Amino acid sequence: MTLGEGGTPLVRAENLPAKIGRPDIELYFKLEGLNPTGSFKDRGMTLAMSKAKEEGAEAVICASTGNTSASAAAFATKAGLPCYVILPSGKVAAGKLAQAIFYGAKVVQIDGNFDQALDLVRALAAEGNITIVNSINPYRLEGQKTAALEVIEKLGNAPDYLFIPVGNAGNISAYWRGFKLGKSIGTAKKTPRMFGFEAEGSAAIVRGVVIENPETIATAIRIGNPASWKEAEAARDESQGKIGCVTDEEILSAYKLVARTEGIFCEPSSAASLAGLIKYSREIEKGAKVVAVLTGNGLKDPNTPIEVCKDELDLKPVEPSVKTLKAVMGLCK
Ligand SMILES: *Cc1c(COP(=O)(O)O)cnc(C)c1O
């Protein structure tokens, strides 16, 4: 089944490289926010849901920081399967919650975080004919690896670097599978160095310990015990890459910068890739081809821009006259 997922644009950054002091790199953004439900989760969900249907599941269930639930709810509806969603209360962006409910999923919020929600989902699924569609479902990563193959197709080869946010670490693992596949079937002559970024307040892989109470403004990567931890470390090591972390301040600054230099509105979590690129830009050699994955659409979270641009948002109505407008807009010379 399909809702038209995949085939997302790879857009060249024309202004941003100079802004970050690296006009010599060739930078592209993979715009995963243009998938049908607004995030890359759709790539894996189409396959996981098709397989659940094929195997005769009675329902699907997921824990989610938001985007998995939006995607699961949409594809479950398409498949004619009931969908149950367990969310950490108060930590899901408004647009994502709206999507899950509006596509008709049964949404339950818990007084707990994502990692606890996932434990509960595992327990519930073990008791009935319910398929888990989190990224621990093996079909999810198989679907998600298509993004790497698309990058290769567009560039005619793999890039030198891939920058990507890391939450449960499924996506970095999926891209690495895709790049290795591309090289093995000969569509690419190389594989990129994989640079993944956790949020500092939930940097389990970087610190090497489970974080009991992960915190970050980047709610889609607010995860203290990544499900694909080992595979992500293998991707890092095999590709001579890095898994680092970025602060909320660095994330928000990258989030604003990509909107204001490139006209691209991603969600805060997505900007962890760019924040990491800015932080480690000195490590990139001259002329390198670099792809940064922007994992989700900015419209999912209308509250953060308002928060970030508080000072600019003086939207009190003014008198409707040319004279007043000229004064307010600073057009009077
Ligand atoms: C799910 C998600 C991530 C994290 O991906 P993982 O596979 O969990 O590492 C990052 N950004 C957005 C927008 C997401 O929805």
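Residues numbered from 1 in each chain as written. Predicted model: local features only at pLDDT ≥ 70, side-chain atom pairs only at ≥ 80, totals over all residues. Heavy atoms only, no water.

Near the ligand, the surroundings consist of 15 residues, among which Lys41, Asn67, Asn168, Asn171 and Thr295 are the closest. Measuring from an oxygen atom of the ligand, one finds a backbone N or O atom of Asn168 at 2.8 Å. Out of a free accessible area of 380 Å², the ligand has 96% covered by protein chains. Within the shell around the ligand, the residues separate by chemical class into five nonpolar, eight polar and two charged. (Near = heavy atom within 4 Å. Polar contact = N/O pair within 3.5 Å; in protein donor to acceptor, adjacent residues only side chain to side chain. Areas by Shrake-Rupley, 256 points an atom, 1.4 Å probe, with all protein chains shown as cover. Nonpolar A, V, L, I, M, F, W, Y, C, P; charged D, E, K, R; others polar.)

This next bit is on the packing of helix α11 (residues 248-262) against helix α12 (residues 272-279). At a minimum axis separation of 8 Å, α11 and α12 run at an interaxial angle of 100 degrees. Comparing the axis directions of α11 and α12 gives the class roughly perpendicular. Where α11 abuts α12, its residues Glu250, Ile251, Ala254, Leu257 and Val258 lie against Ala272, Leu274, Ala275, Ile278 and Lys279. Residue composition of the contact of α11 with α12, by class: eight nonpolar, no polar and two charged. (Axes fitted to C-alpha atoms, helices over the stretch in contact; angles between N-to-C directions. Helix = DSSP H or I, 4+ residues; strand = E, 2+ residues; numbered from the N terminus. Parallel < 35°, antiparallel > 145°, perpendicular 65-115°, else oblique. Contact = heavy atoms within 4.5 Å.)

Another point: the domain arrangement of the protein chain. Split by domain assignment, the protein chain resolves into domain 1 (10-38 + 141-308) and domain 2 (41-139). Averaged C-alpha coordinates put domain 1 and domain 2 at centres separated by 23 Å. Buried surface at the junction of domain 1 and domain 2, summed over both partners, amounts to about 2200 Å²; 46% is from carbon and sulfur atoms. Area buried by domain 1 at its contact with domain 2 is led by Thr37, Arg222 and Lys300, which between them contribute 28% of it. At the boundary of domain 1 with domain 2, the tally comes to four salt bridges. The partner of Lys91 in a salt bridge is Glu215, and the shortest N-O contact between them spans 3.9 Å. Our enumeration of links across domain 1 and domain 2 arrives at 16 residue pairs in polar contact (both at pLDDT 80 or more). When residues of the side of domain 1 that touches domain 2 are traced back to their parent elements, those giving at least two are α6 (138-144) and α7 (146-155). For the side of domain 1 that touches domain 2, the element with the most residues is α6, which contributes four residues. (Domains from an automatic or database assignment. Buried area = accessible area lost by both parts, 1.4 Å probe. Salt bridge = Lys/Arg side-chain N within 4 Å of Asp/Glu carboxyl O.)

Turning to helix α10 (residues 229-238), a few remarks are in order. Three- or four-residue spacings in an α-helix give side chains the same orientation, since the helix completes a turn every 3.6 residues. For α10, the set of buried residues is Trp229, Ala232, Glu233 and Ala235. Along the axis of α10, the buried positions cluster into a sector of 155 degrees, meaning they face one direction only. The inward-facing, buried residues of α10 contact α8 (170-184), β8 (193-199), α9 (204-207) and β9 (242-246). Gln240 sits one or two positions beyond α10 and adopts a positive phi of about 55 degrees. (Buried < 20%, exposed > 50% of the residue type's maximum accessible area, 1.4 Å probe, protein only. Arc of directions from axis to C-beta.)

An order of β5-β4-β3-β6 is seen for the four strands of this open sheet, with the pairing classed as parallel. Only two strands of the sheet have a single neighbouring strand rather than two, namely β5 (106-110) and β6 (130-132). Sheet twist, expressed as the average angle between the axes of neighbouring strands with direction ignored, equals 25 degrees. (Pairing = 2+ DSSP bridges.)

Spatially, β1-β2-β10-β7-β8-β9 is the arrangement adopted by the six strands of the open sheet, whose pairing is mixed. Each of the sheet's edge strands pairs with one partner strand only, and the pair in question is β1 (10-12) and β9. Between one strand axis and the next, the sheet turns through 25 degrees on average, direction left out of account. Sheet topology places β1 next to strand β2 (residues 26-31); three bridges connect them, and they run antiparallel. Paired with Val11 across the strands is Phe29, a residue of β2. Contacts from α11 reach β1, β2, β8, β9 and β10 (289-294), with the element oriented near 95 degrees to β9.

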